[in-house]
Each structure stands twice: as structure tokens, then as C-alpha cells.
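# Structural overview for review
The residues making up each chain are set out below.
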Amino acid sequence: MKINKSAYLFLTAGLIALLYSCASIGNPEGGPIDKTPPIFIGSNPRPMETKVDRSKIELTFDEIVTLKDPQTKIIVSPAQIEMPKISANGRKVTVELVDTMKENTTYTIDFSNAIQDNNEGNPLENFAFAFSTGESIDSLSISGIVLDSHTLEPQQGVLVGVHSNLADSALTTLPFDRISRTNDRGQFTVRNMKPGKYHVFALNDMDRDFKFNRSENVAFCDSIIIPSTKVENFSDTTFAVGHKVDTVMQTNRTVFLPNDILLNMFNENYKAQYLTKYERIDSTRIFLKMAAEADTLPSLKILNMKEEVKDWYVLERSEKNDSLVYWIKDLNILSNDTLQLEVKTQFTDTLENLVWKTDTLDFKFRRPKAPKKKKRHKDEEEDSLPQIKFLPISLITPTTHEVYAAVEFEVNTPIDSLNPEAIHLDIKQDTLWNEVKDFRLAYKDSLRNKRRLTLRHSWEPGANYRLRVDSLGITSIYGEFNKPFEAPFIVRNIEDYGNLFFNITGVTDMAFVELLNASDNVIMTVPVKAGRAEFINLLPAKYYARLVFDRNGNGKYDTGNYALKQQPEEVVYFAKGIKLKRNWDMEQNWDIYELPIDMQKPIEIKKNKPERKKWGEEEKRNQQGFEDEEDNGFNDFGDENDPNMRRFNRMNGYDSNYNNGNYNQNYFR
């Protein structure tokens, strides 16, 4: 067949263009971000299989998977003394149990959100796998949340366990029957439990023995827990194009109870007592450091002196008596470079009892060589007059002084004598300084510190003051005296402050409110009186607040004690930050029962926040109000509407165990 020349040229050009387009390299268009977690497709043994006699478990997924923090997130129940060998290879995850497997026991491998896809790091939330070495599977479960008792921070990755042995000693002597671990929101589910009665605990198991020692953080439920189930009717909604409702289906689901257990984690602040450090700081001071606070002070006796010396020191101590400075005031002892002391201190024995211990300790000081005195002229004799060493005074108070605070000043060695007539306070009126007479002078704490003094007065806002100390007004234990001292300061104007008032519903007295800064640190504490807390003269800033139910009325937060079955004092947070302006009064109504306990703490001061998905960071930047949405809705382990999650839960006999974070109903008892 004869081909037309023009048609041939056209065909050739088209073929060349086609080949060129296929061979050219261009930038591929980006597709949608993968937000789908891996899908579980099979395992050996099968989920919920019975009579399992193999210690190696292999799980297969629909894509390549990796493990994130497997040693801290994945936990096997019952508790394993030897850590299981856990690995991911391609689409498989392998768990090999090292401990000898128990007969007639249901095993649960709780992966939490450790399994994630290899590309985007999408985690498979709330994934757990169960099998049994016996004839049947234990299928009950309980769930709840663990919060720090004082800060309401979600306790991430802590151990939660149950004991069917209801003796108080079980927590300290026996490993748990069943265990789980909290997720990144502090939530937990203890799975595959037998019917029965249990005590429930949370534990920061530092030594991994699945038992409590007093230095670890702990939480316990006051009541006995009896796992149960009930069937509830739920509405399942399917959506058509455009997010329009297509179908609403009514389904029955099994709910595992209780599902609202609140565990308040605390530390007993227990520390074994012993002497951790001792030294001679310089010729004048001996220092002892104790490991824990004490209500009894050590006893010191000098051994290397010919005669027994009494009353040879002035003690300066910390508030908890764990840091002790002994100022040597005897001149004969001061001149001795080596002191041998008999030191009697308390220490904690193996039975955790405080007993007395006596040590002989050497305190040595290497005295520096005295510098040679300089001659004024080469023909002059050296000056034989000793230089006078004055007692330094320093002002502790900032030069801009708060209208409600006392002025503090101190000297660098303990005071032996003080002449109140030598202390003066002046106020500047026009251009003249006029002396103020109605101030109060005292030691800040004469029983603990003989160096610091306070001066109190009804300060005039905006006024200029000065503190004066006459020469010889203060004398130290070494006979040093001060030279004239003067320090000016200015008091803030009253307009620089704001006032904050809380009208509190749900409590009238035996409580106090702690005002907090953006770091969740306490700025000021006031008692609740007739349902009202008043903070006067605050500097402009953003504040937060928490209320403490002061059971014993001592004005401070008290932790719990497991041996005494004493829960820590309860705490609630005001659910938002308060921006206080200058020269402004703010009234806030506070209903302490308005929000569930786990939703009260403002997200901006919450330190233990849920993990972010990779693609979630981009959405956070682009979506306004992301934090508000997170804090006010998504409060369970994962998306229970995820078909993969629901299919796996049904396969394993699990279902959603949470009431949207509503843990407050059993909190105030």
C-alpha cells in the first residue's frame, strides 16, 4: 500500500513526540498525605486462639511497619520478668516471650501506639493482641485515667496493674495479676481479666519489679473493683458525598465496666535518711548535708581539743533541716586547721526505721598563705597597723519594691548584737528626706538564720525610700562591725497592679487557691473564705489557678501515704488562663464541677501533651483553633470510627471503654 508523504511525516512527528514525552523527566505531582495507619491482616497464632504452646508471636500488616519506643510502649500481661524480644521486619512484627509461659493463662500484648507505618509514621492506636495457653480466653477489662494528684498532668507510660489478692501487703510483696500501661493521654485499659474482685494501682515502676517501694510514684483506688459488662445501643452514621448524612443505623455494643476509674498519682516524698556530704567550707564554717528532711538535728562533739568545748558554734539551717551550716565562733577552734568531730546523725536502716549512727569525721581546711604587706616607699618600714575588716551589708529587696512586701537585708556572718536605734528608714518628700518611725524590724527567722533581717512598713505607693544603717549598728560573732550603709528603693504605684477575685461554687472553706504563672509554678496562695478567693496587688500578666481541698487546714498541699490508706489532697484547676491588666479588677466565677477532672487544666500550661502525628504538624499550622479542638473533644485512645480499628476490636472481643474523658463522677467522694 502506498503511503502519502505528508501522512508519513505527520505520523513520524507524532511518534517522536510520544517517545520524548515518555522519556522526559519531570517533577511528580504530590498526592494526598497518607493518614491511614497500618491494617492488621493476620497472625500466628490467630487472635484469641486457645491452647497456644508457642512463645513466638508473629503479626502481619498490609504495609511495611516500624516500632516506636517498643521497650516503653509495648507491655505483655501477665508481667514478664525477662523483657520479651520485640522486632519489626517488613510487614511483620515479632514478639518472642523469654519467660516460661504459664498454663491456663490468657496473654495480652498491648502495643498502645507503638506500631506505625514506615512512610508517614501513622500509628495504629490502641492495638492489643490476645491468646491463651488454656481452653478459654479471659475477656473482661477495666479502663480509666492516671493524673498527677497535684498538677493534674496526664501520667504517660506508667504501669497500671490489678491484684486479686486484696491484702494491703500485695502491692509491696507480689507482682500484679494483670498489667497495662498508660498512653500519651494518661488513659489505660487493663484487658483480659477474669471475673472477680480487684484492687487497682498505678505505679512508676523504676526498678521494674512490678511491686511498690516508697520512693516510687503510686496511685491506688479506694474501692474494690468488680469488672462487668453491659450492652448499650449506639448510633452509627454513614455519610454520602458532600458530608451529608446517608444512613443512621442503631447497633448494640458491649461496654466493659468500670470505664471511668480515676487514679491520682503521688509520691510520698519518702527518702532514706543518711549523711550525704560533709566538709569544712572555710576556717569559719562546717557543712553537713542530709539525704532527707528531718525533725531531729545531729549532735557534734570536738575530739581533738584538750578540753571539751561547749557552745562553740552558731547553727544556720534550711527549712527542712537537710542542709546545715555550723559557724564556728570559738577563736581557738578557728585557728585549728583540722577538726576531728564525733557526729551523731539519724539514718534509715534496712527495716526503714530511723536509728542513730555515730561517725568520727575529719574536717580539714588548708589555710592560704598570707600575702606580704607592701611598703609605701622603699625606705619605709612595713605598716604594722592591722586593716579593719568591716561587716558587709547587702539589700536583698529589688530597688523597685512591691507595695505589700517587707524589705530584706543581710550580713555575711551571723549577728551577735544589733542596735535597733542604728537602723533608719527615710521617705523622700519633695526634695527632703524625712525619717519614718513606725516600721517594724525583726530577724526573718532567728531560729534558722541569724544573718537576715526584715523591715516592715505600710508603704506609700510611688514613694522613694532609703534604708540606712549607722556605723557599729550590727556586730558579728567575730567582732566585725559595719560601716555606714545606705540603700535607696522606690515603691510601685498602686496603678501598676490589678486585682483578681474568684467566686467559687462547690466549696466554702477548708481550701486554698494557688495562683500560677505560665510555667505552672505557684506565685501566690490565698485561703478560700465564704466561697471567695481574693488576690490583691498583682502585676499585669497571664495567670492560672488551681484549688486545693485543704483537709487538715495546714495551708499547704499534702501528698498521700499508701500504708495509711491516705489519698493526696484533691485538686481542681480553673479551666482557662486569665489576662490581668494594669489598674484593673477582674471577677471570675468558678464552678469546680463544671468540667471533668481530666479536661480542667488549660492546654497551654499542660506539659504532658499527646504525641503529634507527622501530618498533624502541618494541619496544626493551617487550622485555626487546633488546640481548642484537641482539648475539648478527642479524649479517647483513637478514632473508634476507623473501620480497621473497629474490625480488630470486634475480632478480639474489645470495644470502646471510655466515656469521653468523664472521670469526675467518682472523684469527689
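Here is what the cut-offs are and how they apply
Residues numbered from 1 in each chain as written. Predicted model: local features only at pLDDT ≥ 70, side-chain atom pairs only at ≥ 80, totals over all residues. Heavy atoms only, no water. Helix = DSSP H or I, 4+ residues; strand = E, 2+ residues; numbered from the N terminus. Buried < 20%, exposed > 50% of the residue type's maximum accessible area, 1.4 Å probe, protein only. Contact = heavy atoms within 4.5 Å. Areas by Shrake-Rupley, 256 points an atom, 1.4 Å probe, with all protein chains shown as cover. Pairing = 2+ DSSP bridges. Axes fitted to C-alpha atoms, helices over the stretch in contact; angles between N-to-C directions. Core = buried A, V, L, I, M, F, W, Y, C linked by side-chain atoms within 4.5 Å. Salt bridge = Lys/Arg side-chain N within 4 Å of Asp/Glu carboxyl O. Phe/Tyr/Trp six-rings, centres within 6.5 Å; stacked < 30°, edge-to-face > 60°. Lys NZ or Arg CZ within 6 Å of the ring centre and 35° of its normal. Patch = residues over 30% accessible without salt bridge, like charges linked within 9 Å, V, L, I, M, F, W, Y side chains within 5 Å.

For the rest of this paragraph, the subject is the overall build of the chain. Within the chain one finds seven helices and 44 strands. In the chain, buried positions account for 44% of the 669 residues. Looking at the chain alone, contacts between residues at least 24 apart form 67% of all its contacts between residues at least 6 apart. About 36900 Å² of surface is accessible on the chain, with carbon and sulfur atoms providing 49% of the total.

Once that is clear, we can look at the sheet that holds strand E28 (residues 407–411). The strand order across the open sheet built from four strands is E26-E28-E33-E32, with neighbouring strands paired in antiparallel fashion. Looking at strand neighbours, the two that pair on one side only are strand E26 (393–395) and strand E32 (440–445), the edges of this open sheet. Ignoring strand direction, the axes of neighbouring strands in this sheet form an average angle of 30°. With five bridges connecting them, E32 and strand E33 (residues 449–456) associate as antiparallel partners.

What the four strands build is an open sheet, ordered E12-E11-E14-E15; its pairing is antiparallel. Unpaired on one side and paired on the other, strand E12 (178–181) and strand E15 (218–220) mark the two borders of the sheet. Geometrically, the sheet is characterised by an average inter-axis angle of 20° between neighbouring strands, direction not taken into account.

Before going further, it helps to spend a moment on the pairing of E33. Across four bridges, the pairing between E28 and E33 is antiparallel. Counted as the bridge partner of valine 407 is leucine 455 from E33. Joining the antiparallel neighbours E32 and E33 is a turn of three residues.

The next subject is the nonpolar core. Leu500, Phe502, Ile504, Val513, Phe535, Leu547 and Trp590 are the most contacted members of the largest nonpolar core, which has 36 residues in total. Of all the elements in the fold, those that place two or more residues in this core are strand E10 (140–148), strand E37 (498–505), strand E38 (511–516), strand E40 (532–538), strand E41 (541–549), strand E42 (571–573), strand E43 (578–580) and strand E44 (585–591). In terms of residue count, E41 provides more of this core than any other element does, six residues in total. Contact partners of phenylalanine 502, with chain neighbours within four places excluded, come to Gly531, Arg532, Ala533, Phe535, Ala545, Phe574, Ile578, Gln588 and Trp590. Core analysis: the second largest hydrophobic core is formed by 25 residues, Ile423, Leu453, Leu467 and Phe489 among them.

This part is about the pattern of salt bridges. Scanning all chains against the criterion turns up 33 salt bridges. One network of salt bridges, in which partners are shared, links Glu153, Glu514, Asp520, Arg546 and Lys601.

With that settled, the discussion passes to the packing of aromatic side chains. Counting across every chain of the model gives 24 aromatic pairs. Between the aromatic rings of phenylalanine 40 and phenylalanine 61, the centroid separation amounts to 6.0 Å while the plane-to-plane angle is 70°, which identifies the pairing as edge-to-face. Residue phenylalanine 40 is found in strand E1 (residues 40–44), and its partner phenylalanine 61 is found in strand E2 (residues 56–61); the two are separated by 21 residues along the sequence. One exposure class covers both phenylalanine 40 and phenylalanine 61, and it is buried. Between phenylalanine 212 and tyrosine 562 the ring centres are 6.2 Å apart and the planes differ by 80°, which places this aromatic pair in the edge-to-face class. Taken as a pair, phenylalanine 212 in the loop between strand E14 (199–203) and E15 and tyrosine 562 in the loop between E41 and E42 lie far apart in primary sequence, 350 residues in all. Among the aromatic side chains, those forming a connected cluster through ring pairs are Phe40, Phe61, Tyr107, Phe111, Phe127, Phe129 and Phe131. The cationic tip of lysine 357 hangs over the ring face of phenylalanine 347; the distance from NZ or CZ to the ring centre is 5.6 Å.

On the surface, Leu166, Ile224 and Ile226 cluster together into a nonpolar patch covering about 240 Å² of accessible area. Examined against the element boundaries, leucine 166 turns out to sit in the loop between strand E11 (159–163) and helix H3 (170–173).

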